[in-house]
Amino acid sequence: MTQASKAPMADVRGRTAFITGGANGIGLGIARALVRAGTNVVIADIRQDALAAAKADLAADAQVETVQLDVTDRAAFARAADAAEARFGKIHMLIGNAGVGVMGPVLDARFDDWDWGMGVNLGGVINGLVTILPRIKAHGEGGQIVTTSSQSALIPISYSAIYTAAKAAVLGISEAIRGELAAENIGVSAFMPGPVQSNIAHSGELRPAEYREDSGYRAREEELEKRPVSPLWMSADEVGERVLAGICANDLYILTHPEFADGMRTRFDAILASMPHETVNQDRAKEIGFLLSNPVFDAQLAQRSARETVDS
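On a predicted model such as this, the values are computed, not experimentally measured, just so you know.

Turning our attention to the side chain of H92. Within the element layout of this structure, H92 appears in the loop between α3 (74-88) and β4 (93-96). Relative accessible area serves as the criterion here: at 4%, H92 is assigned to the buried category. Within the structure, H92 has its side chain in polar contact with the side chain of R15 (distance 3.4 Å). Only 2.8 Å separates the side chain of H92 from the side chain of E141, close enough to count as a polar contact.

Shown next as structure tokens:
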């Protein structure tokens, strides 16, 4: 198995995971799956009441620590990481899951909408990497980075410019760091869920005062809060088990909904169809540092193919 595909966290028992946005929805589903698998879990969330409810829900005091955290606050992130290490000694898995659903017409978007949406959905992931990744490298026991992107990073939809911009960036970061962190025995997974039963429609309730004055989305956010969650959306517990499986296998991509396969194929085919129909200049390709294949993606394809062969 290549460096890019080996699984540093194939066995998560006794390891420690730090989950942002972990007090409900997808984050709590991931926490439940990890606790069942024997992992120590640090749940970080901006809502203290949600943290208390999550800890009561898990009922595993020996394995669970909670810490209040606004992921855009870098000093607070460092303090939260210190608290996690004080409780469990080391952090092995960083699951950058905190996110807000900033949705609306791009013509209505104001600076407050862009700044808040990008600050949480992209900035929160960056703050986690800068704060916790060096700590994982320092203990030398390997680790896993999981970034919550979205299916919208692969199939963008209208009225999601801010959300999609952040989630596409998170996907790009994950792909870019996968190869270089493999040498440190740290795996990287980009998690791209489709619709999940969560509280993301209530994101507007969390919008800080400084991002409310010049927002074009407040009325829309208040309307979205009234909409019920569809029973057809995937449960957070099912999603959590899929993330756990992806961690244990060190999957580069963790997807949830096969219903999106045709749409993804249409997009990828459209991209390939736009490629100039010219012979590749091999000397130029070597000069700019790219070969006709990418070892990170090749390893992921080989790993998936081997798993499907075993399953069949």
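All right, on to the pattern of salt bridges then. A full pass over the atoms with the stated rule returns 14 salt bridges. The closest approach of N and O atoms between E141 and R15, which form a salt bridge, is 3.4 Å. Taken together, the residues E141 in the loop between α5 (123-139) and β5 (143-148) and R15 in the segment before β1 (16-20) connect sequence positions 126 residues apart. In this structure E141 comes out as partly exposed when scored by relative accessible area, which is 30%. Here R32 makes a salt bridge to D237, at a shortest N to O gap of 2.8 Å. Of this pair, R32 sits in helix α1 (residues 25-36) while D237 is found in helix α8 (residues 236-249), placing the two residues 205 residues apart along the sequence. Judged by its relative accessible area of 33%, D237 is partly exposed. What emerges from the salt-bridge pattern is a single network uniting R15, K90 and E141.

Calculation rules
- Residues numbered from 1 in each chain as written.
- Predicted model: local features only at pLDDT ≥ 70, side-chain atom pairs only at ≥ 80, totals over all residues.
- Heavy atoms only, no water.
- Helix = DSSP H or I, 4+ residues; strand = E, 2+ residues; numbered from the N terminus.
- Buried < 20%, exposed > 50% of the residue type's maximum accessible area, 1.4 Å probe, protein only.
- Polar contact = N/O pair within 3.5 Å; in protein donor to acceptor, adjacent residues only side chain to side chain.
- Salt bridge = Lys/Arg side-chain N within 4 Å of Asp/Glu carboxyl O.

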